[in-house]
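One letter stands for each residue in the lines below.
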Amino acid sequence: ILILNSLKAAAELLDRRGGVYSDRPRMILYEMMGWKLSLPFLRYGKRFQMHRKLVQEYFHQKQCLSYYPLQTQQARRLLVNILDNPNS
């Protein structure tokens, strides 16, 4: 825990030097499981920024609404497949 007694010090550390403190710890187990490139486990850097930008671009509320027809179509397809072959 870090306690700062001035707004100036907090702004200096968090706003101006935020990139230094924005990283996540390295999770060796997740890397061994093949999750190294998964957004929640990426270390801060260019790859993280690119992934975050893509997620924000393709998964904001308006964009997600455009996926609704495809999701509905695929859900119906799944249900027909289950009705046609309930054992698989």
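Model, not experiment: these values are computed from the prediction.

> Which parts of the structure should I look at to understand the overall build of the chain?
Counting its secondary structure elements, the chain contains 6 helices and 0 strands. Computed over C-alpha atoms, the radius of gyration of the chain comes to 22 Å, more than 25% over the 12 Å expected from 2.2 N^0.38 for 88 residues, which places it beyond the range of a compact globule. Approximately 8300 Å² of the chain is accessible, and the part contributed by carbon and sulfur atoms is 60%. Between the centroid of the 14 positive side chains of the chain and the centroid of its 6 negative side chains there is a distance of 3 Å.

> Please explain the pattern of salt bridges as it appears in this structure.
Side-chain pairs of opposite charge can arise whenever the charged atoms involved come near each other. Tallying each qualifying case throughout the model produces 1 salt bridge. For Glu-31, the salt bridge is made with Arg-26, and the minimal N-O distance between the two is 3.0 Å.

> What am I meant to see in the packing of aromatic side chains here?
Centre-to-centre distance and the angle between the planes together describe a pair of aromatic rings. One pass over the structure, following the stated rule, counts 5 aromatic pairs. Look at Tyr-44 and Phe-48: their rings are 5.6 Å apart centre to centre, the planes differ by 45°, and that puts the pair in the tilted class. When its relative accessible area of 32% is taken as the criterion, Tyr-44 is described as partly exposed. Put simply, the rings of Tyr-30, Trp-35 and Phe-41 pair up and form one aromatic cluster.

> Explain a nonpolar patch on the surface here, please?
On the surface, Met-50, Leu-54, Val-55, Tyr-58 and Phe-59 cluster together to form a nonpolar patch covering roughly 470 Å² of accessible area. Note that Leu-54 resides in helix α4 (residues 46-58).

Calculation rules
Residues numbered from 1 in each chain as written. Predicted model: local features only at pLDDT ≥ 70, side-chain atom pairs only at ≥ 80, totals over all residues. Heavy atoms only, no water. Helix = DSSP H or I, 4+ residues; strand = E, 2+ residues; numbered from the N terminus. Rg over C-alpha atoms; globule rule 2.2 N^0.38 Å. Areas by Shrake-Rupley, 256 points an atom, 1.4 Å probe, with all protein chains shown as cover. Lys, Arg positive; Asp, Glu negative; His and termini not counted. Charge placed at Lys NZ, Arg CZ, Asp CG, Glu CD. Salt bridge = Lys/Arg side-chain N within 4 Å of Asp/Glu carboxyl O. Phe/Tyr/Trp six-rings, centres within 6.5 Å; stacked < 30°, edge-to-face > 60°. Buried < 20%, exposed > 50% of the residue type's maximum accessible area, 1.4 Å probe, protein only. Patch = residues over 30% accessible without salt bridge, like charges linked within 9 Å, V, L, I, M, F, W, Y side chains within 5 Å.

Keep in mind that these numbers describe shape and distance, not what the molecule does.
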